[in-house]
Amino acid sequence: MGCEKGAFMVRWGYGFGVLALSLASVTAARAGTIAATVTTEDGAAVTDAVVFAVPVSGAVTGAAKTGKALMIQENQQFNPFVLPVQVGTAVEFPNRDSFRHHVYSFSAAKPFELKLFGGTETQIVTFDKEGVVALGCNIHDNMLAYIYVVPTPYYAKTDEKGQVNLSNLPAGAYAVKVWHPNQKAASAQSTDMTVAADGTAAFKAAVAMKRERKQKKPGAKDETDY
Ligand SMILES: [Cu+2]
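Residues numbered from 1 in each chain as written. Predicted model: local features only at pLDDT ≥ 70, side-chain atom pairs only at ≥ 80, totals over all residues.

**Q** Explain the overall build of the protein to me, and be specific about the residues and the numbers.
**A** Counting its secondary structure elements, the protein contains one helix and 17 strands. Evaluated residue by residue, the protein yields a buried proportion of 27% over its 226 residues. Within the protein, contacts between residues at least 6 apart in sequence are counted, and of these 67% link residues at least 24 apart. (Helix = DSSP H or I, 4+ residues; strand = E, 2+ residues; numbered from the N terminus. Buried ≥ 20, exposed ≤ 12 C-beta atoms within 10 Å, placed from the backbone. Contact = placed C-beta atoms within 7 Å.)

Written as structure tokens, this is what we have:
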């Protein structure tokens, strides 16, 4: 009798342990990853493409990315050339040159202008509308950059191999979108995709590109490369 009771306790204890373990795994393993590769139609790697995943349900359950977003002016160049940010992000514009910049955008998503007098002076602009914001400088025609404002915390831009991972995505259906400043299409291309919990889904996109338009070095005079 005492023996049977002991066996029952062991079994019950074991079962409880398994239950506790499976609850822990469910809690820890709800996030998936999209491993993205972006190329031209000819298969060449595309750097600086913004890849972002918008939940089809419309609900964004992940926390917003935190930390400063910076669009630096240094050596008469914007850095970075492409800055993806989530809607609502405040971007700082530090001028690290010893001379003046006059940063502006005519883009519908955020028309603005900033006179920056140099020597670590910084100003802040909040990007509250989705879309492309093309930046220029009234004083230096060679300066060119883009802020791309996305409606999701799941975004990043491709590296020199055209690759990027979007991680910590809650399982579910997404519209995975790709945008690059030199693409032919007016807006981001979109592909529907399901992300499983605790899995990595490969994503490939081929983007039709225009002639390259990039930021030029200071002192470059002719505009024919544009
Ligand atoms: Cu300038």
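Here the narrative resumes, following the displayed structure.
**Q** Please set out the environment of Ser107 residue by residue, giving values where relevant.
**A** Inspection of the secondary structure assignment puts Ser107 in the loop between strand 8 (101-105) and strand 9 (112-116). On the basis of neighbour count, Ser107 is assigned to the partly exposed category, with 17 C-beta atoms found within 10 Å. Spatially, the C-alpha atom of Ser107 lies 7.0 Å from that of Val132, the residues being 25 residues apart in sequence. Ignoring sequence-local partners within four residues, the contact set of Ser107 consists of Val132, Val133 and Ala134.

**Q** Give a detailed account of the nonpolar core, specifying residues and quantitative values.
**A** Formed by 43 residues in total, the largest nonpolar core has its most connected members in Val51 and Ile147. In terms of residue count, strand 12 (residues 144-150) provides more of this core than any other element does, six residues in total. Inspection of this core shows a minimum of three residues originating in each of domain 1 (31-61 + 159-211) and domain 2 (64-152). Those residues within four positions of Ile147 in sequence are excluded, and the remaining contacts are Met71, Leu83, Val85, Val91, Phe127, Val133 and Leu135. (Core = buried A, V, L, I, M, F, W, Y, C linked by C-beta atoms within 7 Å. Domains from an automatic or database assignment.)

**Q** Could you give me a rundown of the pairing of strand 7 (residues 89-92), with the residues and numbers involved?
**A** Looking at chain direction, strand 3 (residues 69-70) and strand 7 are connected through two bridges and run parallel. When the sheet's bridge partners are listed, Leu70 is paired in strand 7 with Glu92. Where strand 7 lies against strand 10 (residues 124-127), four bridges are found, and the strand directions are antiparallel. Paired with Val91 across the two strands is Val125, which belongs to strand 10. (Pairing = 2+ DSSP bridges.)

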